[in-house]
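# Report on the structure
This is what each chain is made of:
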Amino acid sequence: MSIAEEDLNLIEAFKNGDETSFNRLILKYQQKIYWLAHRMTGNHFDADEVVQEVLMVMYKKIRGFEFRSSLYTWIYKITLTRSINFINRRKVRENFSIDENSLINLKSEDSITDNIEAKEKLNKLDKVLQLLPVKQREIFVLRNFNEMSYKEISDITGKSVGGLKANYFHAYKRIVELMEEGNDG
Amino acid sequence: MDERILRYLDGGLTEDEKILFEKELNTSPELKKKYEKYTSVQSKLDELKNIEVDKTYFNGIVPEFRNRLKVRKKTRKIFSLSFVNSLAAIIVLYFILSPNGNNMNLNEVVKNWTEIDFNNAIEYVDQQNSGFDNVVYYSTTEIDSVISSMLTDELNLSNNSTVYNAIDYHNLSAQTNSKDIKDLYKEILNKKYF
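Below or above, wherever it landed, is the structure these notes cover. (Residues numbered from 1 in each chain as written. Chains lettered and ligands numbered in written order. Predicted model: local features only at pLDDT ≥ 70, side-chain atom pairs only at ≥ 80, totals over all residues. Heavy atoms only, no water.)

### Brief notes about the overall build of chain B
Applied cut-off: Secondary structure follows DSSP: runs of H or I at least 4 residues long count as helices, runs of E at least 2 residues long count as strands, and numbering of each begins at the N terminus. Any residue under 20% of the maximum accessible area for its type is buried, any over 50% is exposed, and the rest in between are partly exposed; the area is computed with a 1.4 Å probe on protein chains only. Whether two residues touch is decided by their heavy atoms; if any such pair falls within 4.5 Å, the residues are in contact.
From N to C terminus, chain B includes ten helices and zero strands. Starting at the N terminus and walking to the C terminus, you meet the elements of chain B as α-α-α-α-α-α-α-α-α-α. Expressed as a percentage of its 194 residues, the buried residues of chain B come to 31%. Here the contacts in chain B between residues at least 6 apart in sequence split such that 60% fall between residues at least 24 apart.

Quick look at the structure:
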């Protein structure tokens, strides 16, 4: 059975009242959702919040999903939208937050891994990605980490393939510069 | 030079271009050095695609979601009732306070009300209702969703148009202060019901 057929069966079962089918969809896509949210928001704490928001949106809207795109394209679109919205809300909160320092410390302590070496590498990457403009970060993550084709990314973001390539190269170049600076400093 | 390296790593060179590039890589130390800078970063990125993660986190996502769904369903009921109560409070107080009954404009009645006045009005009506003793905190998402659905009705917006527009109607509470939200809420109530 293809991925699309599997997804279709789960969605149909959910529409017919089988809540466990939705749980199975979550289990199938939760890691993809999480990692996209993590790389966009820059930390585990915020990624976790975005994951729950994405699942809530999926739960509300999946009955109307018509398979015009693949399910994972649809899920990625939702994840990116919620991540970007979250980032924008976070900027507003950080500007007005009274206890900003303790919030930042809490976020940097929380992690998806207990392995110290992996945690350090992940933190470093998170910091570097956060220095990219959001749109460059989006394309870099989808292309480099999710290994999506430019066509798939174009379907998700609505941007032209040429524009995406240019943005991807800018982002990549910047990441290399930043990671080099990190090694020197 | 950087662009050629990026296009090579990205699989964007033609076969002929690839052969030429690989030849040059063997003969140009400068190109090789730059290329190795990129491949070194790429291998660090590749390592991060397979890190050892805490499985208990992922095992907890579904239970956490189901828990939030339960709370959300309960919250919606409470919020809808609170909205109806607020409306009822305003209508009741309109008739109580208006010396000339229907001749007074509700705007005039409430325009100088403070937050305390509204809260007192709502409390008055709440006291008449014994069925809801539990106070539930409703999340920013819930407030956003009610305000945005009222706004989209008012402004005839489709849900899709909120995604990439300059104003994110689904997340108003993060972008406006609480005074503006109250003013907006009053304005919509007034337009919709009075």
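### A look at the interface of chain A and chain B
Under the convention used in this document: Throughout, the accessible surface (probe 1.4 Å) given up by two parts as they are put together, summed over both, is called the buried area. A carboxyl oxygen of Asp or Glu within 4 Å of a side-chain nitrogen of Lys or Arg is what we treat as a salt bridge. Counted as a polar contact is a pair of N or O atoms within 3.5 Å, where, for protein atoms, one must be capable of donating a hydrogen and the other of accepting one, and residues adjacent in sequence contribute only when both atoms are in side chains. Residues are grouped as follows: Ala, Val, Leu, Ile, Met, Phe, Trp, Tyr, Cys and Pro are nonpolar; Asp, Glu, Lys and Arg are charged; all remaining types, including Gly, are polar.
The interface is formed by 47 residues belonging to chain A together with 37 residues belonging to chain B. Overall, the association of chain A and chain B removes approximately 4200 Å² of surface from exposure, summing both partners, and the carbon and sulfur fraction of that is 60%. If you look at where chain A meets chain B, you find six salt bridges. Of the charged contacts, one joins A:Arg143 and B:Asp10 as a salt bridge, the two residues approaching to 2.9 Å between their closest N and O atoms. Put simply, chain A and chain B have 14 residue pairs in polar contact (both at pLDDT 80 or more) between them. If you tally residues by element for the side of chain A that touches chain B, the top one is helix α2 (residues 19-41) of chain A, at ten residues. Grouping the constituent residues of the side of chain A that touches chain B by class yields 23 nonpolar, eleven polar and 13 charged.

### Details of the packing of aromatic side chains
Aromatic ring pairs are described here by two measures, namely the spacing of the ring centres and the angle between the planes. Rule in force here: Paired rings are identified among Phe, Tyr and Trp, the last through its six-membered ring, by centres lying within 6.5 Å, and are further divided according to the angle between planes into stacked (under 30 degrees), edge-to-face (over 60) and tilted (the rest). Comment: the charge-over-ring label is applied if NZ (Lys) or CZ (Arg) is within 6 Å of the ring centre and within 35 degrees of the ring normal.
Following the criterion strictly, the structure yields 22 aromatic pairs over all chains and no others. Each ring, one from B:Tyr57 and one from B:Phe58, has its centre 5.2 Å from the other, and the planes form 65 degrees; the classification is edge-to-face. Each member of the pair B:Tyr57 and B:Phe58 is classed as buried. Taking the ring centre of A:Phe145 as reference, the NZ or CZ of B:Lys49 above it sits at 5.9 Å.

### Here we look at the pattern of salt bridges
Per the stated rule, a full pass over the model turns up 23 salt bridges over all chains. Salt bridges here are not isolated pairs; linked through shared partners, they connect A:Glu6, A:Asp7 and A:Lys28.

### A word on the environment of A:Phe14
Residues and elements named next belong to chain A. Topologically, phenylalanine 14 is positioned in helix α1 (residues 3-15). When the C-alpha atoms of phenylalanine 14 and arginine 63 are compared, they prove to be 8.1 Å apart, with 49 residues separating the residues in sequence. Those residues in contact with phenylalanine 14 that lie beyond four places of it in its chain are Glu19, Ser21, Phe22, Tyr59, Ile62 and Arg63.

### What to know about helix α7 (residues 134-145) of chain A
Note the cut-off: To estimate the expected span of a helix, count its residues, drop one, and scale the result by 1.5 Å.
When the terminal C-alpha atoms of α7(A) are compared, their 15 Å separation across twelve residues agrees well with the 16 Å that a helix rising 1.5 Å per residue should span. Considered for burial, the residues of α7(A) that qualify are A:Gln136, A:Arg137, A:Glu138, A:Ile139, A:Phe140, A:Val141, A:Leu142, A:Arg143, A:Asn144 and A:Phe145.

### Side note on the nonpolar core
To keep things clear, this is the line we draw: Buried Ala, Val, Leu, Ile, Met, Phe, Trp, Tyr and Cys residues that are joined via side-chain atoms within 4.5 Å together make up what is termed a nonpolar core.
Grouped together as the largest cluster of nonpolar side chains are 76 residues, with contacts concentrated most on A:Met58, A:Ile62, A:Leu71 and A:Phe140. Dropping the residues within four chain positions of it, A:Phe140 is found in contact with A:Leu129, A:Leu132, A:Phe145, A:Tyr168, A:Ala171, A:Tyr172, A:Ile175 and B:Leu45.

### Description of the side chain of B:Asp10
Secondary-structure assignment places B:Asp10 in the loop between α1 (2-9) and α2 (15-27). Of the residues examined, B:Asp10 reaches a relative accessible area of 14% and is grouped as buried. With residues up to four places along the chain from it excluded, the contact list for B:Asp10 reads A:Arg143, A:Tyr150, A:Tyr168 and A:Phe169.

### Things to note about the packing of α2(B) against helix α3 (residues 29-47) of chain B
Residues and elements named next belong to chain B. For clarity, the threshold we go by: Axes here mean lines fitted to C-alpha atoms, for a helix over just the part in contact, with angles spanning 0 to 180 degrees between N-to-C directions. The scheme is simple: roughly parallel for angles under 35 degrees, roughly antiparallel for over 145, roughly perpendicular for 65 to 115, oblique for anything else.
In the contact formed by α2 and α3, the axes pass within 6 Å of each other and the chain directions differ by 105 degrees. Considering their axes alone, α2 and α3 lie roughly perpendicular with respect to each other. Between α2 and α3, the contacting residues are Phe21, Glu24, Leu25 and Thr27 on the first element and Pro29, Leu31, Lys32 and Tyr35 on the second.

### Describing unusual backbone geometry
Residue and element names in this part refer to chain A. Positive phi is not limited to glycine here, since phenylalanine 67 has a value of about 60 degrees. On the secondary structure map, phenylalanine 67 appears in the loop between α3 (44-61) and α4 (71-96). Classification of phenylalanine 67 as partly exposed rests on a relative accessible area of 27%. Its identity is not glycine, yet glutamate 147 carries a phi of approximately 55 degrees, on the positive side. Looking at the secondary structure, you find glutamate 147 in the loop between α7 and α8 (150-157).

### Topic: the packing of α1(B) against α3(B)
Residues and elements named next belong to chain B. The condition that has to hold: Crossing handedness follows the turn of the near helix against the far one: under a right angle anticlockwise gives a left-handed crossing, and clockwise gives a right-handed one.
The N-to-C vectors of α1 and α3 enclose an angle of 50 degrees; their axes lie 10 Å apart at closest approach. Taken together, the axes of α1 and α3 lie oblique to each other. The two elements α1 and α3 cross, and the hand of that crossing is right-handed. Only Leu31, Lys34, Tyr35, Tyr38 and Thr39 of α3 make contact with α1, whose side of the interface consists of Asp2, Ile5, Leu6, Tyr8 and Leu9. Of the residues belonging to the contact of α1 with α3, the class tally is seven nonpolar, one polar and two charged.

### Points about the environment of A:Ala166
All names here are of chain A. Residue position: alanine 166 is located in helix α9 (residues 161-184). Under the relative-accessibility criterion, alanine 166 is labelled partly exposed at 37%. Placed 30 residues apart in sequence, alanine 166 and glutamine 136 show a C-alpha to C-alpha distance of 9.5 Å.

Scope: geometric values only; no functional claims are made or implied.
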